[in-house]
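This is what each chain is made of:
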Amino acid sequence: LTGVLDDCLCDIESIDDFNTFKIFPKIQKLQERDYFRYYKVNLKRPCPFWADDGHCSIKDCHVEPCPESKIPVGIKAGSSNKYSKAANNSKELEDCEQANKLGAVNSTLSNQSKEAFIDWARYDDSQDHFCELDDERSPDAQYVDLLLNPERYTGYKGPSAWRVWNSIYEENCFKPRSVYRPLNPLAPSRGESFYTWLEGLCLEKRVFYKLISGLHASINLHLCANYLLEETWGKPRWGANVKEFTRRFDPAETKGEGPRRLKNLYFLYLIELRALSKVAPYFERAVVDLYTGNGHEDAQSKALLLDIFRDTKSFHMHFDEKSMFAGDKKGAKSLKEEFRLHFKNISRIMDCVGCDKCRLWGKLQTQGLGTALKILFSEKEIQSLPENSPSKGFQLTRQEIVALVNAFGR
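Residues numbered from 1 in each chain as written. Predicted model: local features only at pLDDT ≥ 70, side-chain atom pairs only at ≥ 80, totals over all residues. Heavy atoms only, no water.

Before going further, it helps to spend a moment on the overall build of the protein chain. Of regular secondary structure, the protein chain possesses 14 helices and 4 strands. Residues classed as buried in the protein chain amount to 54% of the 410 residues present. At a minimum sequence separation of 6, the contacts of the protein chain that also span at least 24 residues come to 77%. Roughly 19,100 Å² of accessible area belongs to the protein chain as shown, and the carbon and sulfur atoms make up 53% of that amount. (Helix = DSSP H or I, 4+ residues; strand = E, 2+ residues; numbered from the N terminus. Buried < 20%, exposed > 50% of the residue type's maximum accessible area, 1.4 Å probe, protein only. Contact = heavy atoms within 4.5 Å. Areas by Shrake-Rupley, 256 points an atom, 1.4 Å probe, with all protein chains shown as cover.)

Once that is clear, we can look at the packing of aromatic side chains. Within the structure shown, the criterion is met by 10 aromatic pairs. On the numbers, 6.1 Å between centres and 40° between planes, the contact of Trp 165 with Tyr 169 is tilted. Residue Trp 165 and its partner Tyr 169 are located together in helix 5 (residues 159-172), separated by 4 residues, close to a single helical turn. Comparing Trp 165 with Tyr 169 shows no difference in burial state: the two are buried. Clustering of aromatic rings is evident, with ring pairs tying together Tyr 282, Phe 283, Phe 309 and Phe 394. (Phe/Tyr/Trp six-rings, centres within 6.5 Å; stacked < 30°, edge-to-face > 60°.)

Here we take up the pairing of strand 2 (residues 142-145). Covered by surrounding structure in strand 2 are Gln 142 and Val 144 together with Tyr 143 and Asp 145, the residues of both alternating faces. Two elements, strand 1 (residues 38-41) and strand 2, share 4 bridges in a ladder whose sense is antiparallel. Within strand 2, the position partnered with Tyr 39 by the bridge is Val 144. (Pairing = 2+ DSSP bridges.)

Another point: the pattern of salt bridges. Evaluated as defined, the whole model comprises 14 salt bridges. Put simply, Glu 244 and Arg 247 hold a salt bridge, and the shortest N to O gap is 2.8 Å. Placement of the pair is Glu 244 and Arg 247 together in helix 8 (residues 242-249), with a separation of 3 residues, close to one helical turn. Residue classification places Glu 244 among the buried positions, given a relative accessible area of 12%. We classify Arg 247 as partly exposed; its relative accessible area is 47%. (Salt bridge = Lys/Arg side-chain N within 4 Å of Asp/Glu carboxyl O.)

Moving on, we get to the UniProt feature "active site" (unreviewed entry) in the protein chain. As recorded in UniProt, the sites labelled "active site" (unreviewed entry) are Cys 355 and Cys 358. Summarising the element assignment, Cys 355 is placed in the loop between helix 11 (329-349) and helix 12 (356-376). Along the chain, Cys 358 turns up in helix 12. Look past the residues within four positions of Cys 358 in its chain and what remains in contact with it is Thr 154, Tyr 156 and Val 353. (UniProt positions renumbered as here; feature names shortened; annotations may be inferred.)

Okay, the UniProt feature "binding site: FAD" (unreviewed entry) in the protein chain next. The sites that UniProt annotates as "binding site: FAD" (unreviewed entry) are Arg 152, Thr 154, Trp 165, Ser 213, His 216 and Arg 248. Look past the residues within four positions of Arg 152 in its chain and what remains in contact with it is His 222, Leu 223, Asn 226, Trp 238 and Lys 357.

For the rest of this paragraph, the subject is the packing of helix 7 (residues 203-225) against helix 12. Two elements in contact, helix 7 and helix 12, have axes separated by 11 Å at closest approach and are oriented at 145°. By crossing handedness, the relation of helix 7 to helix 12 is classed as right-handed. Counting all contacts with helix 7, which are made through Leu 211, Leu 215, Ser 218, Ile 219 and His 222, the residues of helix 12 involved are Gln 365, Thr 366, Leu 369 and Leu 373. Classifying every residue of the contact of helix 7 with helix 12 by side-chain character gives 5 nonpolar, 4 polar and no charged. (Axes fitted to C-alpha atoms, helices over the stretch in contact; angles between N-to-C directions. Left-handed = near helix turned anticlockwise from the far one by under 90°. Nonpolar A, V, L, I, M, F, W, Y, C, P; charged D, E, K, R; others polar.)

Look at helix 7: 32 Å from first C-alpha to last across 23 residues, which is about the 33 Å you get at 1.5 Å a residue. Among the 23 residues that make up helix 7, 20 are buried, leaving the element largely enclosed by the rest of the structure. (Expected span 1.5 Å × (residues − 1).)

The next point concerns the state of the cysteines. Under the definition given, this model contains 1 disulfide. Disulfide pairing places Cys 47 opposite Cys 352 at an S-S distance of 2.0 Å. One quick way to see it: the torsion about the S-S bond of Cys 47 and Cys 352 is about 75°, and its sign makes the bridge right-handed. Taken together, the residues span a long stretch of sequence, with Cys 47 in the loop between strand 1 and helix 3 (90-98) and Cys 352 in the loop between helix 11 and helix 12 at a distance of 305 residues. Given the relative accessible area of 11%, Cys 47 is considered buried. (Disulfide = S-S within 2.5 Å.)

It is worth spelling out the nonpolar core at this point. Ranked by internal contacts, the top residues of the largest apolar core, which has 90 residues, are Val 279 and Phe 283. Broken down by element, this core gets its largest block of residues, 15 residues, from helix 9 (residues 258-284). If sequence neighbours within four positions are ignored, Val 279 has contacts with Phe 309, Ile 375, Ile 382, Phe 394 and Leu 396. Residues Phe 117, Trp 120, Tyr 143 and Tyr 291 belong to the second largest nonpolar core, which totals 6 residues. (Core = buried A, V, L, I, M, F, W, Y, C linked by side-chain atoms within 4.5 Å.)

We now examine helix 10 (residues 295-314). With 20 residues, helix 10 extends 29 Å from end C-alpha to end C-alpha; this agrees with the ideal 28 Å at 1.5 Å per step. Along helix 10, the residues that are buried comprise Glu 297, Asp 298, Ser 301, Lys 302, Leu 304, Leu 305, Leu 306, Ile 308, Phe 309, Asp 311 and Thr 312. Packing partners of the buried residues in helix 10 comprise helix 1 (12-31), helix 2 (34-37), helix 9 and helix 14 (398-409).

It is worth spelling out the environment of Leu 373 at this point. Relative to the elements of secondary structure, Leu 373 occurs in helix 12. Distance in space between the C-alpha atoms of Leu 373 and Ala 275 is 7.3 Å, their sequence separation being 98 residues. Setting aside residues no more than four positions away along its own chain, Leu 373 makes contact with Leu 211, Phe 339 and Phe 343.

Once that is clear, we can look at the confidence of the model for the protein chain. Taken residue by residue, the protein chain gives an average pLDDT of 77. The fraction at 70 or more is 75%. Least confident of the elements in the protein chain is helix 3, whose mean pLDDT is 40; most confident is helix 1, at 95. Here residues 56-100 scores under 50 on pLDDT; set against residues more than four positions off or in separate chains, the count is 96 contacts. (pLDDT = per-residue confidence, 0-100.)

The residue Val 164 is located in helix 5 in this model. With relative accessibility at 4%, the residue Val 164 sits in the buried group. For the pair Val 164 and Ile 346, spaced 182 residues apart in sequence, the C-alpha to C-alpha distance is 9.4 Å. Beyond its immediate sequence surroundings of up to four residues, Val 164 is in contact with Trp 50, Tyr 156, Ile 349, Cys 352 and Val 353.

Have a look at this one:
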């Protein structure tokens, strides 16, 4: 993949160089730190759009709640030790032992971590938040250690997975009425090239489509790179599946569309990179800690994050979001709102993913991108933040911060 990306003055080689030598090693280190490795997620929310019959055919894709001795099923933010009263019977113990294979989310946490979370939640509660995420206070929400649950191919595919992507593309990508072919790039096309209709859309609608396509490419790449190659004697072997990668991205196999999908991944990278450089002033204030209760580690995490911000600012070919929503004020405002609602809808569709591990990473990456967009559209508020007090105008919750960094890391 080479050359210039559409809709920005940037070439792929520059992004590769910048990412490989400057950003990626630091982001990887940051993702391993306590503040960023634990993500709170509700994997039990029902699919709001159709009866959820699409559970992964592999028995281990679904997670049985483990007995309370092993994990707090839901730590209600701000309240001390409230755990759900899971019955501690032997069947549940067996299921729990079974549950750390393939698509299952490994939800074991140390007692030390559990106590820390209660402390973090109290700290988070004392900061006045800008937006309340519907998941965090649910008794079903649980902390997941992202390092123990890498994103990879678990065997979840077929009609259920297809339906999720289909509804994301068809219902949420501003399709012009004149286009009859499906937007899902994996759908069989008749005639018209996939990208010809895209050229006729305004910049904002093109950007929205490319972000979703980039997210799709990103997720598909992770699945190809960490694929269940075989399972012998109950021991799974994971690795790169070049054949699967070729099927999804090779120009010959995709009627020339594969490279465009990969370019959209670079575009997504640029958008999230831009958001990181824009949000730096929020974190540069002394009043913002990456609080875990361990002062030494917190200071190191913040220093590393600020170092990454310095790198993002040194990159000279950012995407210029000022060109978006720049038309007449009324039209721009309604388009921005439409953008926001489409995006919110996509995050709800992630609750229809049948495999828990896929759902976890789908939700995290969607929230990360949503946070990036929120930052890009809040530049004035970020610039006018008070130095020494929590702000009313612009706030990020710990969830949003963790999602932003991990989504960019992906």
